[in-house]
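# Examining the three-dimensional arrangement
Read off the chains here:
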Amino acid sequence: MIKAFEIAGYSKEVVESKFPALWNAFHYGPPPHGGCAPGIDRIIMLLANEANIRQIVAFPKNGKARDLLMGAPSPVTSEQLKEVHIKMDNK
């Protein structure tokens with residue numbers, strides 16, 4: 001992950017400070033996958049007879065859609081918005 005961000009012009013320190021959710025998620029390497037999403041979490045939800053998928057998902061969100069483990073979503077800087085060509089109307 002650091003190599004990919006270095007190609008984009010970000011240092012390791014910038015990645016750790018500006019992208020903490022990604023840094024924490026990939027700190028120990030990428031999750032194992034075969035390039036497809038078979039919906040295993042939903043299958044397990046049905047097999048476990050759970051009414052809510054949040055009981056099964058590895059990184060569930062709270063009632064306000066925040067990921068407390070990763071601290072996401074987090075505020076963005078005006079420089080980050082400028083990079084992706086987003087203009088905010090602060091009225």
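In this report, the structure presented in the accompanying data block is examined.

Each value, and the rule that gives it
- Residues numbered from 1 in each chain as written.
- Predicted model: local features only at pLDDT ≥ 70, side-chain atom pairs only at ≥ 80, totals over all residues.
- Heavy atoms only, no water.
- Helix = DSSP H or I, 4+ residues; strand = E, 2+ residues; numbered from the N terminus.
- Buried < 20%, exposed > 50% of the residue type's maximum accessible area, 1.4 Å probe, protein only.
- Contact = heavy atoms within 4.5 Å.
- Salt bridge = Lys/Arg side-chain N within 4 Å of Asp/Glu carboxyl O.
- Core = buried A, V, L, I, M, F, W, Y, C linked by side-chain atoms within 4.5 Å.
- Phe/Tyr/Trp six-rings, centres within 6.5 Å; stacked < 30°, edge-to-face > 60°.

## Some details on unusual backbone geometry
- Going from Ala 72 to Pro 73, the amide bond is cis rather than trans, its omega being -5°.
- Tracing the backbone through its elements, the reader meets Pro 73 in the loop between α4 (40-47) and α5 (78-83).
- Phi at Asn 49 takes a positive value of approximately 60°, unusual for a residue other than glycine.
- Its place among the elements puts Asn 49 in the loop between α4 and α5.
- Judged by relative accessible area, which is 70%, Asn 49 ranks as exposed.
- The residue Ala 65 is not glycine, and still its phi comes out positive at about 60°.

## Examining the environment of Phe 26
- Looking at the element boundaries, Phe 26 is found in helix α3 (residues 20-26).
- Separated by 25 residues in the primary sequence, Phe 26 and Met 1 place their C-alpha atoms 7.3 Å from one another.
- With near-sequence residues (within four places) excluded, Phe 26 lies in contact with Met 1 and Pro 31.

## Some thoughts on the pattern of salt bridges
- The final tally for this structure, using the stated rule, is one salt bridge.
- When the shortest N-O distance is used, the salt bridge between Lys 12 and Glu 16 registers 4.0 Å. You can see Lys 12 and its partner Glu 16 sitting in helix α2 (residues 12-18), four residues apart, about one turn around the helix.
- Given the relative accessible area of 33%, Glu 16 is considered partly exposed.

## Focus on the nonpolar core
- In terms of nonpolar packing, the biggest core is built from five residues, these being Ile 2, Phe 5, Tyr 10, Val 15 and Trp 23.
- Residue contacts for Val 15: discarding those within four places in its chain leaves Met 1, Ile 2, Phe 5, Tyr 10, Pro 20 and Trp 23.

## Overview of the packing of aromatic side chains
- This model, assessed by the stated rule, comprises three aromatic pairs.
- Both rings, one in Phe 5 and one in Tyr 10, keep their centres 5.8 Å apart while their planes meet at 70°; by these two values the pair is edge-to-face. Considered together, Phe 5 and Tyr 10 belong to a single accessibility category, that of buried residues.
- Ring centres of Tyr 10 and Phe 19 lie 5.6 Å apart, and the angle between their planes is 85°; this geometry places the pair in the edge-to-face category.
- An aromatic cluster of at least three residues, connected via ring pairs, comprises Phe 5, Tyr 10 and Phe 19.

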